[in-house]
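Residues per chain, in single letters:
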Amino acid sequence: MNVRARIERTLTRAWTRRGVLAWLLLPLAAPYAVASALRNGLYATGLLRPFRAVRPVVVVGNLYAGGAGKTPLVIELVRELRARGWHPGVVSRGYGRRGTDVIPVGAESRAADVGDEPLLIAQRAAVPVVVGADRVAAARVLLSLHPSCDLIVCDDGLQHLRLARDFEIAVLHANGLGNGWLLPAGPLRDPPSRLRKVDAVVLNGDVAAVRVDRPVFRMNSELGDVYALAQPARRAPLSMLVQEQRERGTRVVAAAGIAEPERFFVLLRAAGLAFEALALPDHAGFAADTFARREFDVALVTEKDAVKCREVAALKSDGRLCVASLQTRIEPGLIDLIESRIRRGNAAPPSDGSPPA
């Protein structure tokens, strides 16, 4: 585990309770709290006005810094919306990429240029995706390039208030709200009271019920097939790899460059797989020597990491490197609620006066 990963793990542990480290960091949370309150107040009073796109906007975000399961939820949301006849597009910041320019994401884009999560969304959901630090500019480009889009899903935009939204979703994972404090003393990017303003709360996995006056839905993810990175058509249930390991002693190493690698490892262990765990920082890049000095017959990575591994020739051609796919399920009632809110026609007229494309 490198230094960055150790720091992330230390903070994650500190954020679970109000211990010594959290108290030491508490004074540093004051400037963040003031800046956040000032920003929110300017929009609440109308001194700053958000931009309203000509299409409805659904924002998926979280209060807890880092991964909460937003990307799997976005992928499943757009899939379900497409199945119901919508033509959604996605905008995202593209965290971890080089630069901040607005860039459309293609299936052959590089994760270093557009971000690993937007690239995964484009590949898995097969919908138009545009990245940009300015979500307003990204939404404009998305609709100009894909005028058939009738709905915009904003990945990780809960704090990006410049883009007006018609529906907000806050995702909570097993850590809930942590110690309840704002960054850096705690994990929160907004105070817990922010949950009272969203349209729905989604609990990702085993999460304690949240007392908010908002509809609460659940999403659950499980590992599906395992497939070879070099030959995606070569796939089999994870259970077959487990059986092979029991019969032949297959040596497995599992790597995860996600916000909480242990979540991936827990799923693998629950399936009965024994492996050497390689925890990497969130959005970490992969190199030809990532698995060097490790003896293995199979190396497993997440789908989010796979988009980066494909950019490394030595890894892409290594027949031992496999991807554990993730299957996510959401309650149909969430889609019903989104549709009912959007079709209610409450959206204000476009801020630039443009007619729908």
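All residue numbers here refer to positions counted from 1 along the written sequence of the relevant chain. Note on the predicted model: pLDDT of at least 70 is required for a residue's local features to be given, and 80 or more for side-chain atom pairs to be given and counted; whole-chain, interface and lining totals, by contrast, use all residues. Side-chain figures throughout are based on the complete set of non-hydrogen atoms in the structure, without hydrogens or water.

(A) Summary view of the side chain of Lys304. Only runs of H or I of at least four residues qualify as helices and only runs of E of at least two qualify as strands under DSSP, and these elements are numbered from the N terminus. Relative to the assigned elements, Lys304 resides in helix H9 (residues 303-309). We call a residue buried when its accessible area falls under 20% of the maximum for its residue type, exposed when it is over 50%, and partly exposed in between, using a 1.4 Å probe and counting protein chains only. On the basis of relative accessibility, which here comes to 9%, the residue Lys304 falls in the buried class. Contacts described as polar in this section are N or O atom pairs within 3.5 Å, which, within protein, must combine one atom able to donate a hydrogen with one able to accept it, while residues neighboring in sequence count only if both atoms come from side chains. Only 3.0 Å separates the side chain of Lys304 from the side chain of Glu117, close enough to count as a polar contact. Excluding anything up to four places from it in sequence, Lys304 contacts Asp116, Glu117, Leu120, Gly257, Ile258, Asp282 and His283. Any two residues whose heavy atoms approach within 4.5 Å are treated as being in contact.

(B) Inspection of the side chain of Asp190 at higher detail. Structurally, Asp190 is set in the loop between strand E6 (167-172) and strand E7 (200-204). On the basis of relative accessible area, Asp190 is assigned to the buried category, the value being 1%. Separated by 3.4 Å, the side chains of Asp190 and Arg39 make a polar contact. A polar atom in the side chain of Asp190 sits 2.9 Å from the side chain of Gln159. Apart from residues no more than four positions distant in its own chain, Asp190 is found in contact with Ser36, Arg39, Asn40, Leu63, Gln159 and Leu182.

(C) A look at the packing of helix H3 (residues 70-83) against helix H5 (residues 116-125). At a closest axis distance of 10 Å, the pairing of H3 and H5 adopts a crossing angle of 30°. The angle between H3 and H5 falls in the class roughly parallel. Of the two possible hands of crossing, H3 and H5 adopt the one that is right-handed. In this structure, H3 uses Thr71, Val74, Ile75, Val78, Arg79 and Arg82 to contact H5, whose residues at the interface are Glu117, Leu120, Ile121, Arg124 and Ala125. Interaxial angles span 0 to 180 degrees and are taken between N-to-C directions of axes, which are lines fitted to C-alpha atoms, for helices over the stretch in contact. Reported orientations rely on four angle classes, namely roughly parallel under 35 degrees, roughly antiparallel over 145, roughly perpendicular from 65 to 115, and oblique for the rest. Note on convention: the crossing is left-handed when the near helix lies turned anticlockwise from the far helix by less than a right angle, right-handed when the turn is clockwise.

(D) Highlighting the packing of aromatic side chains. Working definition: a ring pair exists when centres of Phe, Tyr or Trp rings (six-membered ring for Trp) sit within 6.5 Å. Plane angles under 30 degrees give stacked, over 60 give edge-to-face, the rest tilted. Per the stated rule, a full pass over the model turns up six aromatic pairs. Look at Trp15 and Tyr64: their rings are 6.4 Å apart centre to centre, the planes differ by 80°, and that puts the pair in the edge-to-face class. A residue pair is termed long-range when its members are at least 10 positions apart, and Trp15 in the loop between helix H1 (3-14) and helix H2 (20-44) and Tyr64 in the loop between strand E1 (57-61) and H3 qualify at 49 residues. Between Phe291 and Phe296, the ring centres sit 5.8 Å apart and the planes meet at 55°, which makes this aromatic pair tilted.

(E) Main features of the pairing of strand E5 (residues 151-155). By the criterion of burial, E5 is predominantly enclosed, with five of the five residues buried. Residues Leu151, Val153 and Asp155 line one face of E5 and the alternating positions Ile152 and Cys154 line the opposite face, and both faces are buried. Strand direction decides the pairing type here: strand E2 (residues 88-92) and E5, joined by five bridges, are parallel. Its bridge partner lying in E5, Val90 is registered against Val153. At least two DSSP bridges between two strands are needed for those strands to be called paired.

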